[in-house]
Amino acid sequence: MLELSDIKFRYPKGKHFQFSYKFDLLTPVVIQGASGSGKSTLLNIIAGLISPSSGYLRFEDKNLLKISPSERPLSVLFQSGNLFDHISCLRNVEIGLNMRSRINSEEQFIIEEVFQNLGISDHKNVLPTEISGGQRKRIALARAIVRAKCLGKKLMLLDEPFNGLDFETKSECIDLLKDGCFKEGYKVIIVSHDNNDPKLLGANRVKLENILR
Ligand code: ADP
Ligand code: MG
């Protein structure tokens, strides 16, 4: 369970947000809401990129606000993808493992499998600037999945992971998430604009307006 209780945050001289909601996360969740309504802000607070001024954020038995972002039990795909353009796609995924230089054989196996399942094996040794937007999106998704699997990060936050993907590619990503993550017991929150996604993912739809106070 993920519980947000009166989480308050204000951008400097900007919008003010207050979030309260209890996610049981027994089923994956798709968060929907208008553009600019605060979906990414919410994910960034859970991830720890943004610190709220007050409130309580609990995942299972942990108070996340007391844990540094890298130590939180979660793996994030940010809306921007956050790929480093000067290193290979493979290295971009490896870097999700807390910058450790050594990748062990079990991790190598997981990385290989995720690249294959996402159809991006050919892009391992090229730069993110040398592939298409949809391919970059899958590299970013691969990083989030690899980080969750290799580091045992049980909560996955995916901010618009399918934007810019054609239907077939998106279906492949959804299949991988279902087989590789949902079935394995990872708790997943996905932000999406597509009204078909809750059904395609077998997920519960939660409107951001029900989280905002
Ligand atoms: P969504 O992901 O739902 O489209 P965001 O969480 O990105 O929305 O943004 C919510 C609101 O906060 C928007 O009005 C946006 O302009 C504002 N906002 C987002 N990031 C910043 C920032 N760094 N500084 C000031 N305002 C911001
Ligand atoms: Mg957003």
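Anything mentioned here points back to the structure above.
Reference entry: report on the structure contained in this document. Nothing here was measured: the structure is a model prediction, and the numbers come from that model.

1. With respect to the site of ligand 1
Around ligand 1, the neighbouring residues are Tyr11, Lys15, Phe17, Ala34, Ser35, Gly36, Ser37, Gly38, Lys39, Ser40 and Thr41. Within the side chain of Ser40, one N or O atom sits 2.9 Å away from an oxygen atom of ligand 1. Summarising the interface, the protein chains cover 60% of the accessible area of ligand 1, which totals 560 Å² for the free molecule. Ranked by residues supplied to the shell around ligand 1, first place goes to helix α1 (residues 39-47) with three residues. Counted by class, the shell around ligand 1 contains three nonpolar, six polar and two charged residues.

2. A look at α1
Extensive coverage of α1 is indicated by the burial of eight of its nine residues. Within the sequence span of α1, burial applies to Lys39, Thr41, Leu42, Leu43, Asn44, Ile45, Ile46 and Ala47. Just past α1, the residue Gly48 takes up positive phi, approximately 100°.

3. Focus: the packing of helix α4 (residues 133-151) against helix α5 (residues 167-182)
To describe two helices that pack against each other, one gives the angle between their axes and the distance between the axes. Packing of α4 against α5 leaves a shortest axis separation of 12 Å and a crossing angle of 0°. In terms of their interaxial angle, α4 and α5 are classed as roughly parallel. Side by side, α4 and α5 meet where Arg138, Leu141, Ile145 and Lys149 of the first sit next to Thr169, Cys173, Leu176, Leu177, Gly180 and Cys181 of the second.

4. Focus on the sheet that holds strand β3 (residues 29-32)
In any sheet, the strands associate via hydrogen bonds between backbone groups, in a parallel or an antiparallel arrangement. Ordered in space as β6-β7-β8-β3-β9, the five strands form an open sheet in which the pairing is parallel. The two strands at the open ends of the sheet, each matched to only one other strand, are β6 (74-77) and β9 (204-207). On average, each strand axis in the sheet is tilted by 20° relative to the strand beside it, whichever way the strands run. Two strands pair when backbone bridges link them, and strand β7 (residues 155-159) and strand β8 (residues 187-191) are joined in this way by five bridges, in the parallel orientation. Directly across from Met156, in β8, lies its bridge partner Val188. Lying over the sheet, α4 contacts β6 and β7, oriented at roughly 180° with respect to β6.

5. A closer look at the sheet that holds strand β4 (residues 54-59)
Spatially, β2-β1-β4-β5 is the arrangement adopted by the four strands of the open sheet, whose pairing is antiparallel. Only two strands of the sheet have a single neighbouring strand rather than two, namely β2 (16-23) and β5 (62-63). Bridge count for strand β1 (residues 2-10) against β2 is seven bridges, and the pairing is antiparallel. By the bridge assignment for β2, Phe9 is matched with Phe17. Sheet strands in contact with α1 are β1, β2 and β4, and its direction is about 110° off that of β1.

6. What about the coordination of the magnesium ion (ligand 2)?
The magnesium ion (ligand 2) binds to the protein through Ser40 (OG) and Gln79 (OE1), with metal-donor distances spanning 2.1 Å. You can see Ser40 sitting in helix α1 and its partner Gln79 sitting in the loop between β6 and α2 (89-94), a full 39 residues away along the chain. What makes Gln79 partly exposed here is its relative accessible area of 37%.

So, how was this worked out
Within each chain, residue numbers correspond to sequence positions counted from 1 in written order. Chain A is the first chain written and ligand 1 is the first ligand written, with later ones labelled in order. Only residues with pLDDT of at least 70 are given local features in this predicted model, and only at 80 or more are side-chain atom pairs given and counted; all residues enter the totals for whole chains, interfaces and linings. Note that the side-chain values use all heavy atoms of the structure and ignore hydrogens as well as water. For each residue, the test is whether any non-hydrogen atom lies within 4 Å of the molecule or strand; if one does, the residue is near. Polar contact criterion, stated in full: a pair of N or O atoms within 3.5 Å, where within protein one must be able to donate a hydrogen and the other to accept it, and residues adjacent in sequence count only if both atoms are side-chain atoms. Accessible surface area values rest on a Shrake-Rupley calculation with a 1.4 Å probe, where residue burial reflects the displayed protein chains alone. What counts as a helix is a DSSP run of H or I of at least four residues, what counts as a strand is a run of E of at least two, and both are numbered from the N terminus. By the convention adopted, Pro, Cys, Tyr, Trp, Phe, Met, Ile, Leu, Val and Ala count as nonpolar, Lys, Arg, Asp and Glu as charged, and the other residues, Gly among them, as polar. Partly exposed describes any residue whose relative accessible area lies between the buried limit of under 20% and the exposed limit of over 50%, with all areas from a 1.4 Å probe on protein chains only and scaled to the type maximum. Axes here refer to lines fitted to C-alpha atoms; in helices the fit is confined to the stretch in contact. Angles between the N-to-C directions go from 0 to 180 degrees. Should an angle lie under 35 degrees it is considered roughly parallel, over 145 roughly antiparallel, and from 65 to 115 roughly perpendicular; all remaining angles are considered oblique. Contact criterion: two residues are considered in contact whenever any of their non-hydrogen atoms come within 4.5 Å of each other. Any two strands with at least two DSSP-identified bridges between them are counted as paired. The rule for donors is simple: N, O or S, within 2.8 Å of the metal, or within 3.2 Å if the metal is Na, K or Ca. Water isn't counted, so a site may look like it is missing partners.

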